[in-house]
Amino acid sequence: MSNVLPRIQRFAAARFSPEGEYGLHLTVGTVLLLLAMAGFAHLAGALNAGAPITQLDVVVADWLHAHASQGGLLRDALLVLTHIHSTPGVLAIAFGVGVWMVRRGQRYWIVALVSSVPGGMLLNVALKHTFERARPHFEEPILTLTTYSFPSGHTMAATVLYGLLACYVARYARSWIGRLLPFVLAALMIGLIAFSRMYLGAHYLTDILAALAEGCGWLAICIGGAATLNRRRAARERRASGRAPRQEI
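These lines cover the structure that appears in this document, whether it is placed above or below. (Residues numbered from 1 in each chain as written. Predicted model: local features only at pLDDT ≥ 70, side-chain atom pairs only at ≥ 80, totals over all residues. Heavy atoms only, no water.)

## Quick notes on the side chain of Thr 155
Which entries qualify depends on this criterion: For the purposes of this entry, the term helix denotes a DSSP run of H or I that reaches at least four residues, the term strand denotes a run of E that reaches at least two, and both are numbered from the N terminus. Exposure categories follow from relative accessible area, calculated using a 1.4 Å probe and restricted to protein chains: below 20% of the type maximum is buried, above 50% is exposed, and the middle band is partly exposed. Polar contacts here mean pairs of N or O atoms no more than 3.5 Å apart (in protein, one a potential hydrogen donor and the other a potential acceptor; neighbouring residues in sequence count only if both atoms are side-chain atoms). Whether two residues touch is decided by their heavy atoms; if any such pair falls within 4.5 Å, the residues are in contact.
Secondary-structure assignment places Thr 155 in helix H7 (residues 153–171). Judged by relative accessible area, which is 0%, Thr 155 ranks as buried. For Thr 155, the side chain forms a polar contact with the side chain of Ser 152, separated by 2.9 Å. Those residues within four positions of Thr 155 in sequence are excluded, and the remaining contacts are Ala 194, Arg 197, Ile 208, Ala 211 and Leu 212.

This is the structure in structure tokens:
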């Protein structure tokens, strides 16, 4: 017993070390992943069981559609926003970000970007075909889509794209405001895109919530994995040279 306690203490200290190969970054990523998985599983279970939240889905969808059907500047602006963040639009933005990272030689951020955005989109398609939920139905729809509804692809793509951008910018910020502001702006953008999908009648509320959970969990895997690869490389170089190389993530 006297030997076990010091080992547990060393293990716990390593998991919360901000510099370790498998330290704080991986611990936080794992916790976020588990929370996201739990949230997604709860929503998926509610959907399959026809829980009361699915009735709320219909009420919210009908209420938003009634307002959106009246037209106006809000609907026009949200139509532009949702079209910009279609699959080609998100991939184009991600490509531009990738070019920036390549020019700066940030290969591990590139790994995180490629795995999170295109990889997340493929994951979302797989989940849509797993649940096969029909989209909201209206007599006079604003958008006509033939794909499945659960979870929202636009919301998931926005979550991984802007979430990664927020992490990237905050990583190199020099003040607490600089570290906080990217996440606030990312949350606002993700929220707008998510709302546009409900307002335009493309998704139910639970589609949005599931996509947020899916995106956060997938982003935790991608950034956590890239950071671990980067820190392992840095640790090997440190052991080989006796110096502490600069880490990207």
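## Digging into the packing of aromatic side chains
Threshold: For Phe, Tyr and Trp, rings pair up if their centres lie within 6.5 Å, where Trp contributes its six-membered ring, and each pair is then called stacked (planes under 30 degrees apart), edge-to-face (over 60) or tilted (otherwise).
Applying the stated criterion across every chain yields a total of six aromatic pairs. Plain terms: the ring middles of Phe 40 and Phe 131 are 6.0 Å apart, the flat faces sit at 65° to each other, and that makes the pair edge-to-face. In this pair, Phe 40 sits in helix H2 (residues 24–49) while Phe 131 sits in helix H6 (residues 107–131), placing the two residues 91 residues apart along the sequence. Residue class for Phe 40 comes out buried when judged on its relative accessible area of 13%. On the accessibility criterion, Phe 131 (22% relative accessible area) is partly exposed. Seen from their ring centres, Trp 109 and Tyr 168 are 5.2 Å apart, and the 90° between their planes marks the pair as edge-to-face. Of this pair, Trp 109 sits in helix H6 while Tyr 168 sits in helix H7, and the two are 59 residues apart along the sequence.

## Considerations on the packing of helix H3 (residues 52–68) against helix H8 (residues 176–199)
Inclusion rule: Only C-alpha atoms enter the line fits that serve as axes; for helices the fit covers just the stretch in contact. Angles between N-to-C directions range over 0 to 180 degrees. An angle below 35 degrees is read as roughly parallel, one above 145 as roughly antiparallel, one from 65 to 115 as roughly perpendicular, and any other as oblique.
H8 packs onto H3 with a crossing angle of 85° between their chain directions and a minimal axis gap of 8 Å. Viewed along their axes, H3 and H8 adopt a mutual orientation that is roughly perpendicular. Along its contact with H3, which presents Leu 64, His 67 and Ala 68, the element H8 presents Phe 195, Met 198 and Tyr 199.

## A few points about unusual backbone geometry
Cis geometry marks the peptide bond from Phe 150 to Pro 151; its omega dihedral reads -10°. On the secondary structure map, Pro 151 appears in the loop between H6 and H7. The backbone phi angle of Glu 132 is positive, close to 50°, even though this residue is not glycine. Inspection of the secondary structure assignment puts Glu 132 in the loop between H6 and H7.

## Side note on the packing of H7 against H8
Convention followed: All amino acids are sorted into three groups, where Ala, Val, Leu, Ile, Met, Phe, Trp, Tyr, Cys and Pro are nonpolar, Asp, Glu, Lys and Arg are charged, and the leftover types, Gly among them, are polar.
Orientation of H7 relative to H8, taken along the N-to-C sense of each, is 170°, at an axis distance of 8 Å. The angle between H7 and H8 falls in the class roughly antiparallel. Seen from H7, the contacting residues are His 154, Thr 155, Ala 158, Thr 159, Tyr 162, Gly 163, Ala 166, Cys 167, Val 169 and Ala 170; seen from H8, they are Gly 178, Arg 179, Pro 182, Phe 183, Ala 186, Met 189, Ile 190, Ile 193, Ala 194 and Arg 197. Per-class residue counts for the contact of H7 with H8 are 13 nonpolar, five polar and two charged.

## Brief notes about the layout of surface pockets
To keep it simple, the criterion reads: Cavities and pockets are defined on a 1 Å grid built over the protein atoms alone: a cavity is a set of grid points where a 1.4 Å probe fits but cannot escape, while a pocket is an open set with protein on both sides within 12 Å along at least five of seven lines, and lining residues are those with an atom within 4 Å of any such point. Grid points are joined across faces, edges and corners, and a volume is the space filled by probe spheres set on the points.
Taken as a whole, the second largest pocket spans an internal volume of roughly 520 Å³. Broken down by secondary-structure element, the contributors of at least two residues to the lining of the second largest pocket are helix H4 (73–84), helix H5 (87–103), H6 and H7. With eight residues, H6 is the single largest residue contributor to the lining of the second largest pocket. In terms of residue class, the lining of the second largest pocket is built from ten nonpolar, 13 polar and three charged.

## Some words on the pattern of salt bridges
Defined as follows: Take a side-chain nitrogen of Lys or Arg and a carboxyl oxygen of Asp or Glu: if they are within 4 Å of each other, that pair is a salt bridge.
Applying the stated rule across the entire model yields two salt bridges. Residue Asp 57 pairs with Arg 133 through a salt bridge whose shortest N-O separation is 2.9 Å. Residue Asp 57 is found in helix H3, and its partner Arg 133 is found in the loop between H6 and H7; the two are separated by 76 residues along the sequence. The exposure classification of Asp 57 matches that of Arg 133, with both residues buried. Arg 133 serves as the salt-bridge partner of Asp 207, at 2.8 Å between the closest nitrogen and oxygen. Residue Asp 207 is located in helix H9 (residues 205–241), and its partner Arg 133 is located in the loop between H6 and H7; the two are separated by 74 residues in the primary sequence. Beyond isolated ion pairs, a larger network of salt bridges with shared partners links Asp 57, Arg 133 and Asp 207.

## Some remarks on the nonpolar core
Applicable threshold: The definition of a nonpolar core used throughout is a set of buried Ala, Val, Leu, Ile, Met, Phe, Trp, Tyr and Cys residues joined through side-chain atoms within 4.5 Å.
Core analysis: the largest hydrophobic core is formed by 37 residues, its most contacted members being Met 101, Leu 113, Val 117, Tyr 162 and Leu 164. Going through the elements one at a time, H3, H4, H5, H6, H7, H8 and H9 are the ones with two or more residues in this core. Top element by residues in this core is H7. It accounts for nine residues. Aside from chain neighbours lying at most four places away, what touches Val 117 is Val 90, Ala 94, Val 160 and Leu 161. In terms of nonpolar packing, the next biggest core, distinct from the first, is built from eight residues, Leu 47, Leu 127, Phe 150 and Ala 213 among them.

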